[in-house]
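Next come the chains, spelled out residue by residue.
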Amino acid sequence: MNKIKYPRGFNNAGLCAGYRLLALLLASIFTFANVAHAYRLIQQNGGAGTYTAGSPVPPGSGLVMHWERNIVEFSVNNNGAGDGLNFNQTETAVASAFQSWEQVGCTDITFVNRGSTTARRAASDNNNTTFWAESGDPEFSGPGAILGSGIYAVTIITIVDNQDIVDVDIAYNGRDFNWSNTGAVSIEGIAAHENGHMLGLHHSEVTSTPAPTMSASIAQNNTPQQASLEKDDRNAVCYNYPTIAGSSSQIAGDFNGDGIEDLAIGVPGEAIGTTLHAGAVNVIYGSAAGLSASGNQLWHQDSNGIAGAAETEDRFGAALASGDFNRDGFDDLAIGVINEAIGSIAGAGAVNIIYGSASGLSATGNQVWHQDVSGIGGASEVDDHFGAALASGDFDNDGFDDLAIGVPNEAIGSLVGAGAVNVLYGTSAGLSATASQLWHQDSSNIVGAAEAGDRFGAALAAGDFDNDGIDDLAIGVPKEAIDSIEDAGAVNVIYGTNAGLRADGNQVWHQNTSGIGGAAEAGDQFGAALASGDFNGDGRADLAIGVPNEAIGSLVGAGAVNTIYGSPTGLSSTSSQVWHQNVTGIGGGSEAHDRFGASLTAGDFNFDGRADLAIGVPGEAIGSVQSAGASNVLYGSSAGLNAAGDQLWHQNVSGVGGASEQNDLFGSALVRGDFDGDGIADLAIGVGNESIESVVGAGAVNVLYGISGSGLTTNSSQLWHQNSAGIAGTAEANDGFGLGL
């Protein structure tokens, strides 16, 4: 890794020896409630006006230091002065520290390198400035203990605009650090600790070993703490930065075989009894009148007969997919449990399968899969996050649906976070390990090469791109480096055959591929979301690719969507398109951090025989309401997607349930399904951070119904949440109902 890799919203990570936060930050603290070991979060209004009134953040009580949209920008001072700094060593150390936080499965906090800085601040500059490493600190005992009167070795300058932290400048001010891991704290561990502070975490109260990265002190001995996070570190960051969405297959299933599709809703933050963030899934069944509370269900790992056990931070329901894995005529439900511990292996991840029946989903014959199950490729490792993305399709043309499972943090050899995808094939007995596959970029003949932090498998979509009657698999690699452009992103496509997925003819796509719109840029994350549909009605599936961090002009993180069309030989750049909110005719307007393309689903909403595309824009401001969220819908035609008739949906549209509120994240997840059995696709829209009455972050789902010739309308539209009449469960803070669909 030649550069620090991350997504947009920080400025440089600091190092604090002895780990002292400035008194102006410590004037007021907030207790990290309802966690076995209490963390304290730093309040935004904590003293001296440093943090002005902050926005309500997912941890429902208290205004705590929080990066909106979970995106952190940073820059590094590599010019320095004095004795000089080995910048390459600094860069490598800080890269490791950032990755340690990025790879926590129940959060999608992400860092973007904004370039170098020459920022230097003196001790007297107390306006929005925090100093992390002071002269005399033993971790920085090399020559040039201080660069001059009042100049600190490492400074972090925090800039607050209205209610949001907008910039942090972490400047390594020309110091010659002691890089030895003998008798000194590792630079990785220190940087990880300071990154935690900048994510809003104060010191841990945990005193047991192994000590958390956020421990108030790190022992000075010959076994220095590295940048690895312990359970309490992960719990804290997941609490402050719950994931916006998992990656699901975006197609609803008919679990009771009545010909009407049903809606499964992930609630990954649901508490099961006193077990926080164990997660659950609500299932609401379709009827001729649309979705109905009648017979609805609530599933979790403590449900009677379900394999596994509810544990803190499991995040059951973060990703979902449906398919008829045993070909009995009833769709089955795959549920990602992305942070499941396998034995003592924290965050390894698992997938539960609940099978359909005439009475709906039933615990009978349910399964749990992970990489330590015999016959499954790979091995469970800490923070692999097996199940973070799911997609179903018939990859071997035998009539049984198969399941692709993303493992985006899988280490390939020593390449941490390179990512992989497991594929399980369906049989008359359901999913089976027989003939299962493990794919990654170092698999034989697969285009590309595995690199640390690529996150191969972070998004998945199945579709028949060459119209041979066999489904193919598109795999998002959103942090793939394109040449030297870090985190630009790519998509691998592996084609199905009668023998299953095979490397023959596989492809890799990115924005520097000839004929593809846009250009690969650092932090774009091309491939962060995927959806397939036949947008031009030629009988071949086409592929929509979310690029949620795409800059539109100078608008960082505005977002875009590329579309690549199918052909007899598979996906082709011919007639490919790029869409964003500054394209003529598209509703809304591109704004920084809108994240247009963060979620996608395709369905024929107007019954014209061509698929249409729904695009999540969870960071969209509605008027002055920041991050309320929206969804654009582009309709298909014989020429493919076009702007004619484009719609922009949000909760301030007349007839849409709820009201746009700050940080609602309307559009954070999307799924299409025919919920009223009229043959026309309908759209369910996750509002994963919706407040239900005064319950912050409880979450909700809006449903819009399709009408022939008109498309989506507000006729009979619905708003569902766990306080809806008859729905199992109760709306609680940070449940995230609707984060998985």
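Calculation notes
- Residues numbered from 1 in each chain as written.
- Predicted model: local features only at pLDDT ≥ 70, side-chain atom pairs only at ≥ 80, totals over all residues.
- Heavy atoms only, no water.
- Helix = DSSP H or I, 4+ residues; strand = E, 2+ residues; numbered from the N terminus.
- Contact = heavy atoms within 4.5 Å.
- Areas by Shrake-Rupley, 256 points an atom, 1.4 Å probe, with all protein chains shown as cover.
- Pairing = 2+ DSSP bridges.
- Axes fitted to C-alpha atoms, helices over the stretch in contact; angles between N-to-C directions.
- Salt bridge = Lys/Arg side-chain N within 4 Å of Asp/Glu carboxyl O.
- Buried < 20%, exposed > 50% of the residue type's maximum accessible area, 1.4 Å probe, protein only.
- Polar contact = N/O pair within 3.5 Å; in protein donor to acceptor, adjacent residues only side chain to side chain.
- pLDDT = per-residue confidence, 0-100.

Student: Let's hear about the overall build of the protein chain: which residues, and what values?
Tutor: Counting its regular elements, the protein chain contains 4 helices and 34 strands. Sequence separation of 24 or more characterises 64% of the internal contacts of the protein chain that already satisfy a separation of 6 or more. Summed over its atoms, the accessible surface of the protein chain is roughly 22,300 Å², and 47% of this surface lies on carbon and sulfur atoms.

Student: Could you give an account of the sheet that holds strand β26 (residues 572-579), with specific residues and numbers?
Tutor: Read from one edge to the other, the open sheet built from 4 strands follows the order β23-β24-β25-β26, with strand pairing classed as antiparallel. Strand pairing shows two members of the sheet lacking a second neighbour, β23 (529-533) and β26, which therefore form its edges. Between one strand axis and the next, the sheet turns through 20° on average, direction left out of account. Across 5 bridges, strand β24 (residues 542-547) lies against strand β25 (residues 560-565) in antiparallel orientation. Bridge pairing in β25 links G546 to V561.

Student: Describe the pattern of salt bridges, listing the residues and the values that go with them.
Tutor: Using the criterion set out here, one finds 2 salt bridges in the structure. Of the charged contacts, one joins D538 and R540 as a salt bridge, the two residues approaching to 3.2 Å between their closest N and O atoms. Across the pair D608 and R610 runs a salt bridge whose closest N-O atoms are separated by 3.7 Å. A residue is classified by how much of its surface remains accessible, and R610, at 25% relative accessible area, is partly exposed.

Student: Lay out the side chain of Q367 in plain terms, naming residues and giving numbers.
Tutor: Turning to its location among the elements, Q367 is positioned in strand β14 (residues 362-369). By relative accessible area, which is 16% here, Q367 ends up buried. Here the side chain of Q367 touches L431 through a polar contact of 3.0 Å, landing on its backbone oxygen. Once residues within four sequence positions are removed from consideration, Q367 is found in contact with V351, N352, I353, Y355 and L431.

Student: Let's hear about the confidence of the model for the protein chain: which residues, and what values?
Tutor: On average, residues of the protein chain score 78 in pLDDT, and 69% of them reach the 70 mark or higher. The model gives residues 119-185 a pLDDT under 50, and that stretch makes 226 contacts with residues more than four places away or in other chains.

Student: Can you tell me about unusual backbone geometry, naming the residues and giving the values?
Tutor: For A435, which is not a glycine, the phi torsion comes out positive at approximately 70°. Within the fold, A435 resides in strand β18 (residues 430-439). Using a relative accessible area of 56% as the deciding quantity, one classes A435 as exposed. The backbone phi angle of L665 is positive, close to 65°, even though this residue is not glycine. In this structure, L665 sits in the loop between β30 (642-649) and β31 (666-673). Residue class for L665 comes out buried when judged on its relative accessible area of 14%.

Student: Quick rundown of the sheet that holds strand β10 (residues 292-299)? Include the residues and the values.
Tutor: If you trace the 3 strands from one edge of the open sheet to the other, you get β8-β9-β10, paired in antiparallel fashion. Each edge of the open sheet is held by one strand with a lone partner, namely β8 (263-267) and β10. In this sheet, adjacent strand axes meet at a mean angle of 20° when their direction is disregarded. Summarising the sheet, strand β9 (residues 280-285) and β10 pair through 4 bridges and their orientation is antiparallel. Bridge pairing in β10 links V283 to Q297.

Student: Tell me what's going on with the pairing of β8, and back it up with residues and numbers.
Tutor: Of all 5 residues making up β8, 5 are buried, and the element is well covered by its neighbours. Here β8 shows no split at all, with L263, I265 and V267 on one side and A264 and G266 on the other all buried. In this structure, β8 lies alongside β9, joined through 5 bridges in antiparallel fashion. Within β9, the position partnered with G266 by the bridge is V281.

Student: Let's hear about the pairing of strand β32 (residues 682-687): which residues, and what values?
Tutor: Taken across its 6 residues, β32 has 6 buried, putting it largely inside the fold. Here β32 shows no split at all, with D682, A684 and G686 on one side and L683, I685 and V687 on the other all buried. The pairing of β32 with strand β33 (residues 700-707) spans 5 bridges and is classified as antiparallel. Residue pairing in the sheet places L683 in a bridge with L704 of β33.

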